[in-house]
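# Breakdown of the fold
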Amino acid sequence: METKDVDNRGEIILYQTEDGLTQIDVKLENETVWLSQQQMADLFQRDRTVVSRHISDIFREGELSRELVCAKNAHTTRHGAMPGKTQRSERTLYNLDVIISVGYRVKSQRGTQFRIWANKILKEYLVKGYVLRNNLSQQKYEELKQLIFVMGRTMNYPELKESDAAQIKSIFDVVQDYTYALDTLDSYDYQTLKIEKTTCPERFHATYENAMAVIQELKTKFGESSLFGNEKDQSFHSSIGQIYQTWDGQELYPSIEEKAAMLLYLVTKNHSFSDGNKRIAATLFLWFMENNGILYGQDGRKRIADNALVALTLMIAESRMDEMDTMLKLTVSLINSRNE
C-alpha cells in the first residue's frame, strides 16, 4: 500500500532508555514521532521478525490504518570499502500509534517508558513551540506579522490581473494561518491568552443521557470491552452538569467554545471511566462542537486538526489542576472563530 513521503527536515532527538543500555535517534515530524522496525526491535529488546509480525497483525486486524501511520524515509548509508562511497535507500517508519501498539503486544515496560517520554517531547514541541521559537527570532516574527498588512493592501490594487490576485491570496492565506499560530504561542508563553471571538447562543444541549449514547457507540467501535466506558463513580454526571454551571444567574461558561473546552477538560481529568477516558473526552468534544455547528469553519475545514486534538488532550491529561484556566483559554483559542 502506498505511503506518504517524509523528508529529512524533521527534528532528530536522542532517546536513551532508563537503564542506559540503548540509545535511539527518534525522528520528530508531522506532530508525532517515528521509528523503523529495527529501532522498535532495539527499543523493546525483541527480534525484528517479532516486531514485523506484530505490525502485520495490527494492520490485518484493523487496529490502525497503514496509510495513516506509515511513512517512507529516504536515508543515506555508507556502501563498500571506498571512503565517501554512499548508497541512498528508503525505509518505512512508523508513528507513535504503532510504537505504542507494538509495545502493548510485546508486553514491554520499555514501551511505557518510551510513551511517557514521547508525549512529553510532543507536548513541548507542539504547545510551547520550542522548535518554531528557536528558529524564528522575535524580529522575524514581527516582520511576518507586518507582511500580512502589506499583502492585504497589495490584494486591493485594482490593476492586478485575476491570476496574480489569486496567487497572492493563496500565499496570504498560508501566512495568515501561520501568524495566528504564532500569536497563540506568544500569548501562551506570556500568559495573555484571552477568551474571545466565541459563539452564542447554544443550539444543542448536552445531557448525561445523550452523551452516554455516544459513549455506547464508541464502545462498540472499540470492541465492546467491559472496561471501556464503564463508570467508576458519579463524576461524569458532574462533568456534564458543570459546563452549564451558573453564578448569580449568569453562566460561568456562556459560549459554545467555553462549554466544549470545559467538557474536554473535565472528562479527561476526572477519570470517570475504567478505560478510554481520553478517547471519550475527545469524541464528546467533537460531538458537542458538531451539534452546535462550530466544528467546521466557513471554508469547510475543521477548526482543530486531528493531530492538534491529540496533542491538546494529552497536554490536558498531564496538566496540573492550577493550570485549568490556561488550558481552557488555550482550547478556546484553538477552536474560536478566528481559527477558520
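Presented here is an overview of the structure given in this document. (Residues numbered from 1 in each chain as written. Predicted model: local features only at pLDDT ≥ 70, side-chain atom pairs only at ≥ 80, totals over all residues. Heavy atoms only, no water.)

## Brief notes about the overall build of the protein chain
So the rule is basically this: Helical segments are the DSSP runs of H or I of at least four residues, strand segments are the runs of E of at least two, and each set is numbered from the N terminus. Exposed residues in this analysis have more than 50% of their type's maximum accessible area, buried residues have under 20%, and partly exposed residues fall in between, with area computed by a 1.4 Å probe over protein chains only. Contacts are assigned to residue pairs with any non-hydrogen atoms lying within 4.5 Å of each other. Only the protein chains shown count as cover for residues, and the accessible areas themselves come from Shrake-Rupley with a 1.4 Å probe.
Looking only at helices and strands, one finds 14 helices and eight strands in the protein chain. Burial status across the protein chain gives 41% buried among its 340 residues. In the protein chain, the proportion of contacts linking residues at least 24 apart, taken out of those at least 6 apart, comes to 66%. Accessible surface, the protein chain: about 19,200 Å² in total, of which carbon and sulfur atoms supply 49%.

## Describing the nonpolar core
Nonpolar side chains in soluble globular proteins tend to end up buried together. Rules: In this description, a nonpolar core means a group of buried Ala, Val, Leu, Ile, Met, Phe, Trp, Tyr and Cys residues linked to one another through side-chain atoms lying within 4.5 Å.
In terms of nonpolar packing, the biggest core is built from 45 residues, with Phe 236, Val 267, Ile 280, Leu 284, Phe 285, Trp 287 and Phe 288 touching the most fellow members. For this core, the element with the most residues is helix α11 (residues 256-270), which contributes nine residues. With residues up to four places along the chain from it excluded, the contact list for Leu 284 reads Ala 211, Val 214, Ile 215, Phe 236, Leu 263 and Val 267. Grouped together as the second largest cluster of nonpolar side chains are 28 residues, Val 26, Leu 28, Met 40 and Val 102 included.

## Details of α11
Since the α-helix packs 3.6 residues into each turn, any two residues three or four apart lie on the same face. The condition is simple: Expected helix span is taken as 1.5 Å per residue step, with the number of steps being one fewer than the number of residues.
With 15 residues, α11 extends 21 Å from end C-alpha to end C-alpha; this agrees with the ideal 21 Å at 1.5 Å per step. Most of α11 is tucked away, with 14 of its 15 residues classed as buried. Following α11 by one or two positions, His 271 has its phi on the positive side, about 50°.

## Some words on the environment of Arg 105
Cut-off, in case you're wondering: N or O atoms within 3.5 Å of each other form a polar contact, as long as, within protein, one can give a hydrogen and the other can take it, and as long as residues adjacent in sequence are counted only when both atoms are side-chain atoms.
Structurally, Arg 105 is set in helix α4 (residues 96-105). Each C-alpha atom, one on Arg 105 and one on Ile 55, is 9.6 Å from the other, the two residues being 50 residues apart in sequence. When sequence neighbours within four positions are dropped, the list of residues in contact with Arg 105 reads His 54, Asp 57, Ile 58, Glu 61 and Glu 63. Within polar-contact distance, the side chain of Arg 105 engages the side chain of Glu 61 at 2.8 Å.

## Some thoughts on the packing of aromatic side chains
To be explicit about the condition: Only Phe, Tyr and Trp rings take part, Trp by its six-membered ring, and two of them pair if their centres are within 6.5 Å. Stacked means planes under 30 degrees apart, edge-to-face means over 60, and tilted covers everything else.
Under the definition given, this model contains five aromatic pairs. Between Phe 204 and Phe 288, the ring centres sit 6.4 Å apart and the planes meet at 65°, which makes this aromatic pair edge-to-face. Residue Phe 204 is located in the loop between α8 (162-189) and α9 (208-221), and its partner Phe 288 is located in helix α12 (residues 277-291); the two are separated by 84 residues in the primary sequence. Each member of the pair, Phe 204 together with Phe 288, is buried. With a centroid separation of 6.0 Å and an interplanar angle of 55°, the aromatic rings of Tyr 208 and Phe 236 are classed as tilted. A residue pair is termed long-range when its members are at least 10 positions apart, and Tyr 208 in helix α9 and Phe 236 in helix α10 (residues 235-242) qualify at 28 residues. Each member of the pair Tyr 208 and Phe 236 is classed as buried.

## Structural notes on α10
Our working rule: Taking the helix axis as origin, the arc is that swept by the directions to the C-beta atoms.
Along α10, the residues classified as buried are Ser 235, Phe 236, Ser 239 and Ile 240. The buried residues of α10 occupy an angular sector of 145° when the element is viewed end-on, so they sit on one face. On its buried side, α10 packs onto α9, α11 and α12.

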